[in-house]
Amino acid sequence: MRRAAVGTMMAALIAAPAFALTVSDVDTDGNSLISFTEMAVMYPDLTEEAFGAVDTSGDTFVDETELAAALETGMIEEPAE
């Protein structure tokens, strides 16, 4: 029984997203998107050029997929708590 519980826990950890930062952590206006202004609060050294690289759709907002990709590829890092 204990072995099964440990196996289940390990499977959940492996399946969990590698990054904990989500759009809702950064989005202050509740539109489920991150603007440059919102992201600059968390990343004060962020340039508009770097934000544009994260915003792969070019719509001037970062969505959940773009944020996850930027974290995964190291374009941005998890902010220190």
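Everything below is about the structure printed above this text.
Think of each chain on its own: its residues are numbered from 1, step by step along the sequence as written. Per-residue local features are limited, in this predicted model, to residues with pLDDT of at least 70; the limit for side-chain atom pairs, both in listing and counting, is 80 or more; totals at the level of whole chains, interfaces and linings are taken over all residues. To obtain the side-chain values, all non-hydrogen atoms of the structure were used and water was disregarded.

## What about the environment of Leu 67?
For step 1, the next point in the chain: By the criteria applied, helices consist of DSSP H or I runs no shorter than four residues and strands consist of E runs no shorter than two, each listed in order from the N terminus. Following the sequence through the fold, Leu 67 ends up in helix 5 (residues 64-73).
For step 2, the next point in the chain: The buried label applies to any residue whose accessible area, calculated with a 1.4 Å probe on protein chains only, is under 20% of its type's maximum; exposed applies above 50%, and partly exposed to all values in between. On the basis of relative accessible area, Leu 67 is assigned to the buried category, the value being 0%.
For step 3, the next point in the chain: On a C-alpha basis, the gap between Leu 67 and Thr 22 in space is 7.4 Å, while along the polypeptide they are 45 residues apart.
For step 4, the next point in the chain: If we ignore the near neighbours within four places in the chain, the residues touching Leu 67 are Leu 21, Thr 22, Val 23, Ile 34, Met 39, Val 62 and Ile 76. Contacts were defined at the residue level, with two residues in contact if any of their heavy atoms lie within 4.5 Å.

## A short note on the environment of Met 75
For step 1, the next point in the chain: Mapped onto the elements, Met 75 comes out in the segment after helix 5.
For step 2, the next point in the chain: By relative accessible area, which is 43% here, Met 75 ends up partly exposed.
For step 3, the next point in the chain: Taking the C-alpha atoms as reference points, Met 75 and Val 54, separated by 21 residues in sequence, lie 7.3 Å from one another.
For step 4, the next point in the chain: Contact partners of Met 75, with chain neighbours within four places excluded, come to Ala 53, Val 54 and Ala 70.

## Description of unusual backbone geometry
For step 1, the next point in the chain: Although it is not a glycine, Ser 32 sits at a positive phi angle of roughly 65 degrees.
For step 2, the next point in the chain: Mapped onto the fold, Ser 32 is located in the loop between helix 2 (23-26) and helix 3 (36-42).
For step 3, the next point in the chain: Judged by its relative accessible area of 52%, Ser 32 is exposed.
For step 4, the next point in the chain: Phi at Thr 60 is positive, roughly 70 degrees, even though this residue is not glycine.
For step 5, the next point in the chain: Along the chain, Thr 60 falls in the loop between helix 4 (48-54) and helix 5.

It is worth stressing that arrangement in space is one thing and function is another; only the former is reported here.
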